[in-house]
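Each chain is listed here by its residues.
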Amino acid sequence: MLKSSEIGHEHYNIFLIYEPKCRLVMSLNIRDKIINHFVTRYVLEVKLTKYLDMRNVATRKNMGTDYGIRLILKYLKKLKNNKFYILKIDISKYFYSIDHEVLKELLIDKLDSYEYDLVEKIIDSTNKDYINKQLIK
């Protein structure tokens, strides 16, 4: 499938979970999940890690909870004698509001044409009528 650039992503299972708060979940079948993991590990991580801020610890290899805690402690120690504020935000439907064209434009010069084609198909797989109708609810 990857050799022929014929990736799946034909149907997302869309449902809500309510704990700890209401969230929309879009789930793929196992074949499509394997493709996403492969593309993430062997394309996106390799090509894009150098562009990410080292304080971004979300789902990054060797940058889990322990690393995040060490960063927090480092900054608390550094700011110990200063007044500072911490802002915690959660933007509603953030991932679903990302403009796909802007995202793809940011990626096009960082990936070769084959890699970009795969990633573009994955990104655009969420732009289907049945998905958009669920997101509007």
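Residues numbered from 1 in each chain as written. Predicted model: local features only at pLDDT ≥ 70, side-chain atom pairs only at ≥ 80, totals over all residues. Heavy atoms only, no water.

Observations concerning unusual backbone geometry
Quick note on the threshold: Under the DSSP-based scheme used, a helix requires at least four consecutive residues in state H or I and a strand at least two consecutive residues in state E, with every element numbered from the N terminus.
Put simply, Glu-19 and Pro-20 share a cis peptide bond, and its omega is 0°. By the secondary structure assignment, Pro-20 is in the loop between strand S1 (13–17) and strand S2 (23–27). Despite not being glycine, Asn-62 has its phi angle at roughly 60°, a positive value. Along the chain, Asn-62 turns up in the loop between helix H1 (30–48) and helix H2 (65–78).

Examining the pattern of salt bridges
Here is the rule we go by: Whenever a carboxyl oxygen of Asp or Glu lies within 4 Å of a side-chain nitrogen of Lys or Arg, that contact is scored as a salt bridge.
What the rule picks out here adds up to eight salt bridges. Among the salt bridges present, the one from Lys-104 reaches Glu-101, with a minimum N-O distance of 3.1 Å. Of this pair, Lys-104 and Glu-101 both sit in helix H4 (residues 100–107), three residues apart, roughly one helical turn. Here Lys-104 ties to Asp-124 by a salt bridge, and the two come within 2.9 Å at their closest N and O atoms. Placement of the pair is Lys-104 in helix H4 and Asp-124 in helix H5 (residues 113–124), with a sequence separation of 20 residues.

A few points about a nonpolar patch on the surface
The criterion, for reference: Like-charged residues are merged into a patch within 9 Å and nonpolar side chains (Val, Leu, Ile, Met, Phe, Trp, Tyr) within 5 Å, provided each residue has over 30% relative accessible area and no salt bridge. To measure how exposed things are, a 1.4 Å probe is used in the Shrake-Rupley method; for residues, cover is taken only from the protein chains shown.
Taken together, the side chains of Ile-69, Ile-72, Leu-73, Leu-76, Leu-79, Phe-84 and Ile-86 make up a nonpolar region of the molecular surface, amounting to roughly 650 Å² of accessible area. When you line up the elements, Ile-69 lands in helix H2.

Thoughts on the confidence of the model for the protein chain
Condition: pLDDT expresses how confident the predictor is about each individual residue, on a scale running from 0 to 100.
Averaged over the protein chain, the pLDDT score is 85; the fraction of residues at 70 or greater is 95%. When pLDDT is averaged over each element of the protein chain, H4 comes out on top at 95 and helix H6 (residues 129–136) at the bottom at 70.

Structural notes on the pairing of S1
Spelled out, the test is: Only strands joined by at least two bridges in the DSSP assignment are considered to pair.
Two elements, S1 and S2, share five bridges in a ladder whose sense is antiparallel. Pairing of Leu-16 across the sheet is with Leu-24, part of S2. Counting the residues that bridge the hairpin from S1 to S2 gives five residues.

Re H4
Threshold: The cut-offs for exposure are 20% and 50% of the maximum accessible area for each residue type, with area from a 1.4 Å probe on protein chains only; residues under the lower value are buried, those over the upper are exposed, and the others partly exposed. Arc, as used here, means the arc of the directions from the helix axis to the C-beta atoms. Working rule for contacts: check all heavy atoms of both residues, and any pair within 4.5 Å makes them a contact. Any N or O atom pair separated by 3.5 Å or less is treated as a polar contact, with the protein-specific requirement of one donor-capable and one acceptor-capable atom, and with residues adjacent in sequence counted only for side-chain atom pairs.
Of the positions making up H4, those classed as buried are His-100, Lys-104 and Leu-107. End-on view of H4: buried residues confined to an arc of 60°, all on one side of the axis. Along H4, the residues that are exposed and aim more than 90 degrees away from the buried face are Glu-101, Glu-105 and Leu-106. On its buried face, H4 is in contact with H1 and H5. Where H4 begins, the capping side chain belongs to Asp-99, and its oxygen is found 2.8 Å from the backbone nitrogen of Glu-101.

A closer look at the packing of aromatic side chains
To describe a pair of aromatic rings, one takes the distance between the centres and the angle between the planes. Counted only if it meets this: Only rings of Phe, Tyr and Trp enter the pairing, Trp through its six-membered ring, and a pair is recorded when the two centres are within 6.5 Å. The plane angle decides the type: under 30 degrees is stacked, over 60 is edge-to-face, the rest tilted. Remark: a charge is flagged as sitting over a ring if the NZ atom of Lys or the CZ atom of Arg is within 6 Å of the ring centre and within 35 degrees of the ring normal.
Scanning all chains against the criterion turns up one aromatic pair. With centroids separated by 4.9 Å and ring planes inclined at 45°, the aromatic side chains of Phe-38 and Tyr-42 adopt a geometry described as tilted. Taken together, the positions of Phe-38 and Tyr-42, both in helix H1 and four residues apart, correspond to about one turn of that helix. A cation over a ring is seen here: Lys-110 above Tyr-51, with NZ or CZ 5.1 Å from the ring centre.

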